[in-house]
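# Fold and geometry: a report
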Amino acid sequence: MKEKRSPSELEACWKEDDMVDGQKVRAMVMIMRTNGCCWVKHGGCTMCGYREASLINVTEDDLLKQLDQALSKYKGEPFVKMYTSGSFLDDNEVPPSVRERIFNAFKDCKRLLFESRPEFITPEVVKTLPKNVTVALGLESSDPKVLETSVHKGFTPADIKRAGELLKDNGLMVRTYLLLKPPFMTERMAIEDAVNSARFADPFSDEISINPLNVQRATYVERLWKRGEFRSPWIWSLIEVFRQLSGTVHSRLLSSPSGGGAMRGVHNCGECDMKALDAVERFSYSQDVKDLDVTCKCIPRWEAYMRSETMLGSPADLERDFENELVLRM
Ligand code: SF4
Ligand SMILES: [Zn+2]
């Protein structure tokens, strides 16, 4: 039986590294329990497992208790990230009065980050946001067709561009998330899509975070993955995206993949995964393409994998469907 989760307790709270004003600093991350993402009622996004995380009838009082818990752990970190498994600016998740209390509690913090769908980012709401705010926008892809059919996002790239420009015009920071390898894409298509999407997002972003798809439980993507119709991207593909973008965009490029090195997450051959993920982390801070210089004997396998996918015209997981040697020698 599932453990009953209390609406007045934070889902999680921890400390990690991030960046403020070009310096690596400690950040506090708090995952709040809310009524959940409004888009879930419409089916949600194909890769999102957040429906599992939402509750119903989380009250203002519950949210304030969660804030108290966070404050009891807060040690003056200059960066605080608040995730709600949805949109922090949706009044149904976090009412304006609670938002105000939160902004006030962290008014001395240099950076305060939260996520929101673009429909909640209106001129009226943006005016209420303090200047230490960074809004994270889940663009995922700049291709409208990919957003509609592959991600089922429920908004368009133009909606994100409007929201991003509005935030920038009001002097706020924007972190844009891109999804590396939405379903139905080959590895090569995924690299191209992420590079194009980053170029689209660059003018209205300060940071671009590339999130390789991580197969979450009870999602549409998990169904595809279980049938062998999806393979999470290779770490080499993520590195390739950074290589192609490096020096050509003004935004800081970063990635901190969840589930990296596991079958459900971004992975290589198993032997080099940690080394390659370390390189990604170093690059996320330094932006120095030399930090991506890692190698492994599985690079030719990744290249062969991409050739085979293109030849077969299929994004199915070739390593699982066929004998490796047979396919990857083609
Ligand atoms: S990815 Fe974001 S917008 Fe999509 S269902 Fe999940 S929380 Fe909602
Ligand atoms: Zn390897």
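Before reading on, note that the structure itself is shown above.
Below is a summary of the structure that appears in this document. (Residues numbered from 1 in each chain as written. Chains lettered and ligands numbered in written order. Predicted model: local features only at pLDDT ≥ 70, side-chain atom pairs only at ≥ 80, totals over all residues. Heavy atoms only, no water.)

## Overview of the overall build of the protein
- Of regular secondary structure, the protein possesses 12 helices and 8 strands.
- The C-alpha atoms of the protein give 20 Å as radius of gyration, which agrees with the globular expectation for 330 residues (20 Å, within 12%).
- For the protein, the spread of C-alpha atoms along the principal axes amounts to about 60 × 45 × 35 Å.
- Per-residue burial over the protein gives 55% buried out of 330 residues.
- Of the contacts formed within the protein by residues at least 6 apart in sequence, a portion of 72% connects residues at least 24 apart.
- Here the protein displays about 15,000 Å² of accessible surface, and carbon together with sulfur accounts for 52% of that area. (Helix = DSSP H or I, 4+ residues; strand = E, 2+ residues; numbered from the N terminus. Rg over C-alpha atoms; globule rule 2.2 N^0.38 Å. Buried < 20%, exposed > 50% of the residue type's maximum accessible area, 1.4 Å probe, protein only. Contact = heavy atoms within 4.5 Å. Areas by Shrake-Rupley, 256 points an atom, 1.4 Å probe, with all protein chains shown as cover.)

## Here's the deal with helix α9 (residues 273-286)
- Between its first and last C-alpha atoms α9 spans 20 Å; for 14 residues at 1.5 Å apiece the expected length is 20 Å, and the two agree.
- The set of residues buried in α9 consists of Asp 273, Ala 276, Leu 277, Ala 279, Val 280, Phe 283, Ser 284 and Tyr 285.
- As for α9, its buried residues are in contact with β1 (12-20), β2 (23-31), α8 (235-245) and β8 (252-254).
- Trailing α9 by a residue or two, Gln 287 shows a phi angle of about 65 degrees, which is positive. (Expected span 1.5 Å × (residues − 1).)

## Considering the pattern of salt bridges
- Under the counting rule described, the total for this entry stands at 28 salt bridges.
- Among the ionic pairs, Lys 181 bridges to Glu 187, the shortest N-O distance being 2.7 Å.
- Between Glu 222 and Lys 226 there is a salt bridge, with the nearest N and O atoms lying 3.9 Å from each other. In this pair, Glu 222 and Lys 226 both sit in helix α7 (residues 220-226), 4 residues apart, roughly one turn of the helix.
- Residue Glu 222 is classed as buried on the basis of its relative accessible area of 8%. (Salt bridge = Lys/Arg side-chain N within 4 Å of Asp/Glu carboxyl O.)

## Here we look at the environment of Ala 190
- Mapping Ala 190 onto the fold places it in helix α6 (residues 187-201).
- A sequence separation of 51 residues divides Ala 190 from Val 241, and the C-alpha atoms of the two residues are 9.2 Å apart.
- In this structure Ala 190 touches Leu 180, Lys 181 and Met 185, once residues within four positions along its chain are discounted.

## Quick look at the coordination of the zinc ion (ligand 2)
- All of the protein donors around the zinc ion (ligand 2) are Cys 269 (SG), Cys 272 (SG), Cys 296 (SG) and Cys 298 (SG); their distances to the metal are 2.3 Å.
- Classification of the site at the zinc ion (ligand 2) as tetrahedral follows from its 4 donor atoms and the range of 105 to 112 degrees in their angles at the metal.
- All donors to the zinc ion (ligand 2) come from one chain, and their sequence spacing reads C-x2-C-x23-C-x1-C. Taken together, the residues Cys 269 in the loop between β8 and α9 and Cys 298 in the loop between α9 and α10 (299-312) connect sequence positions 29 residues apart.
- On the basis of relative accessible area, Cys 298 is assigned to the buried category, the value being 2%. (Donors = N, O, S within 2.8 Å, 3.2 Å for Na, K, Ca; no water. Tetrahedral: all angles 85-135°; square planar, octahedral: opposite > 155°, others 65-115°.)

## A look at the side chain of Ser 197
- Looking at the element boundaries, Ser 197 is found in helix α6.
- A polar side-chain atom of Ser 197 sits 2.9 Å from the main-chain amide nitrogen of Ser 142.
- Here Asp 193 takes part through its backbone oxygen, which lies 2.6 Å from a polar atom of the side chain of Ser 197.
- When neighbours within four sequence positions are excluded, Ser 197 is seen to be in contact with Leu 139, Glu 140, Ser 141, Ser 142 and Leu 178. (Polar contact = N/O pair within 3.5 Å; in protein donor to acceptor, adjacent residues only side chain to side chain.)

## Side note on the site of ligand 1
- Around ligand 1, a shell composed of Cys 37, Trp 39, Gly 44, Cys 45, Cys 48, Tyr 50, Ser 85, Arg 117 and Lys 153 is seen.
- By residue class, the composition of the shell around ligand 1 is 5 nonpolar, 2 polar and 2 charged. (Near = heavy atom within 4 Å. Nonpolar A, V, L, I, M, F, W, Y, C, P; charged D, E, K, R; others polar.)

## A few points about the packing of α6 against α10
- Taken N-terminus to C-terminus, the directions of α6 and α10 make an angle of 100 degrees; their axes are 8 Å apart at the nearest point. Taken together, the axes of α6 and α10 lie roughly perpendicular to each other. Taken together, the residues of α10 that come into contact with α6 (itself represented by Glu 187, Arg 188 and Ile 191) are Trp 302, Tyr 305, Met 306, Arg 307, Glu 309 and Thr 310.
- Here the residues of the contact of α6 with α10 are counted per class, giving 4 nonpolar, 1 polar and 4 charged. (Axes fitted to C-alpha atoms, helices over the stretch in contact; angles between N-to-C directions. Parallel < 35°, antiparallel > 145°, perpendicular 65-115°, else oblique.)

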